[in-house]
Amino acid sequence: MNKQIISTIIGICSSLVLTCILPLHNVHANEEPNPQVIIEEAASDIPDKFVQQIIQENPDAGLITIYEYTKAEPKITESKNDNDVILPHLANTIFGPITTTISNQKYDQELHDERILSVAKGQKKTLETTLTFSFKGSIKGSTLKKSDINAEVTISGTFKEGDTYDGPPEGSPFNSREYRIKFLGETGNYTQTQLVTTYLTGQIISQKVLSEEGTYEKPTDSISYSVDRYIS
């Protein structure tokens, strides 16, 4: 009888232990990606939020190396209204100041991410030609004054002829290294308005409001990086 009781107790304990262990495997399977990250000197000022973004986008990465981080140079443009060219033909018409309203602004948006090349484990590749990857900001819609939106900025990354790119070393658990460049920036909507007043012999004879609207994309940052992973 005592042996049966002991056997029953052991069986219950075994079931309890098994029940406790199984969820541990599920937690491990759902863990956040946690690759090794190397940041080179040319990318030392990269914000951590961008590093975390790259990690989240590459859940199978074992090693992420960030080589260069660049911020776009602000574009300086002359302050000129897009309709200035018609002013000489409208001597009795006065164009008021242009009001630009920006809405739905989103920052740090991924505008483009492009593969440059991949190198296998233990291999090297040398570029036979210079590669330049660029992203130019854009405005979709008509404007009264483009410079007030200031979206037409270009940011580039250049990979020179003769540069050599390594794959993972022979002792690495990963068999592929993919080199990439990412462009981040700001997106939003704009509305521009302008009051136009027409005079005749000093009297106002008409007033109307010009209005234009659209969307824009403006690059602000670029990141060159590589991802080591195992490809079966």
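First, a word on what this report is: a plain description of the structure on this page. (Residues numbered from 1 in each chain as written. Predicted model: local features only at pLDDT ≥ 70, side-chain atom pairs only at ≥ 80, totals over all residues. Heavy atoms only, no water.)

Helix and strand content of the protein: two helices and 10 strands. Along its sequence from the N terminus, the protein presents helices and strands in the succession α-β-α-β-β-β-β-β-β-β-β-β. By the burial criterion, 34% of the 232 residues in the protein qualify as buried. The long-range share in the protein, meaning contacts at least 24 apart out of those at least 6 apart in sequence, stands at 80%. If you sum the accessible surface of the protein, you get close to 14600 Å²; carbon and sulfur atoms cover 53% of it. (Helix = DSSP H or I, 4+ residues; strand = E, 2+ residues; numbered from the N terminus. Buried < 20%, exposed > 50% of the residue type's maximum accessible area, 1.4 Å probe, protein only. Contact = heavy atoms within 4.5 Å. Areas by Shrake-Rupley, 256 points an atom, 1.4 Å probe, with all protein chains shown as cover.)

A separate point is unusual backbone geometry. Backbone geometry at aspartate 108 places phi at a positive 60 degrees, although glycine is not the residue there. Relative to the helices and strands, aspartate 108 is located in strand β3 (residues 93-120). We note that asparagine 150 has phi near 55 degrees; this positive angle belongs to a residue other than glycine. Structurally, the position occupied by asparagine 150 is in the loop between β6 (138-140) and β7 (154-159).

Going residue by residue along β7, you find Ile155, Gly157 and Phe159 tucked away on one face and Thr154, Ser156 and Thr158 left uncovered on the opposite face. Examined bridge by bridge, strand β5 (residues 131-136) and β7 share six bridges and lie antiparallel to one another. Paired with threonine 132 across the bridge in β7 is threonine 158. (Pairing = 2+ DSSP bridges.)

On the secondary structure map, aspartate 228 appears in strand β10 (residues 203-229). Setting aside chain neighbours within four positions, we find aspartate 228 in contact with Asp60, Ala61, Gly62, Leu63, Pro168, Phe174, Ser176 and Arg177.

Applying the stated criterion across every chain yields a total of 15 salt bridges. One salt bridge connects lysine 182 with aspartate 113, and the closest N-O pair in it is separated by 2.6 Å. Note that lysine 182 is positioned in strand β9 (residues 176-200) and aspartate 113 in strand β3, a separation of 69 residues in sequence. Judged by relative accessible area, lysine 182 falls into the buried class, the value being 1%. Using a relative accessible area of 16% as the deciding quantity, one classes aspartate 113 as buried. Residues lysine 218 and glutamate 186 are paired through a salt bridge, measuring 3.9 Å at the closest nitrogen-oxygen approach. Pair noted here: lysine 218 is in strand β10 and glutamate 186 is in strand β9, with a separation of 32 residues, a long-range link. (Salt bridge = Lys/Arg side-chain N within 4 Å of Asp/Glu carboxyl O.)

Checked against the element boundaries, glutamate 178 lands in strand β9. Glutamate 178 sits in the buried class, given a relative accessible area of 15%. Within the local environment of glutamate 178, its side chain forms a polar contact with the side chain of arginine 180, the two groups lying 3.1 Å apart. (Polar contact = N/O pair within 3.5 Å; in protein donor to acceptor, adjacent residues only side chain to side chain.)

On to the environment of isoleucine 116. Tracing the chain through its elements places isoleucine 116 in strand β3. Between the alpha carbons of isoleucine 116 and isoleucine 181 there is a distance of 7.1 Å; along the sequence they are 65 residues apart. The contact partners of isoleucine 116, leaving out residues within four places of it in the chain, are Leu131, Phe133, Phe159, Tyr179, Arg180 and Ile181.

Another aspect to go through is the packing of aromatic side chains. Applying the stated criterion across every chain yields a total of five aromatic pairs. Between tyrosine 67 and tyrosine 179, the ring centres sit 5.9 Å apart and the planes meet at 25 degrees, which makes this aromatic pair stacked. With tyrosine 67 in strand β2 (residues 63-71) and tyrosine 179 in strand β9, the pair connects residues that are 112 residues apart, well separated along the chain. Among the residues examined, tyrosine 67 registers a relative accessible area of 26% and is labelled partly exposed. You can call tyrosine 179 buried: its relative accessible area is 6%. On the basis of an interplanar angle of 75 degrees and a centroid distance of 4.9 Å, the ring pair of tyrosine 165 and tyrosine 179 is categorised as edge-to-face. Here the residue tyrosine 165 occupies a position in strand β8 (residues 164-166), and tyrosine 179 occupies one in strand β9, the gap between them amounting to 14 residues. (Phe/Tyr/Trp six-rings, centres within 6.5 Å; stacked < 30°, edge-to-face > 60°.)

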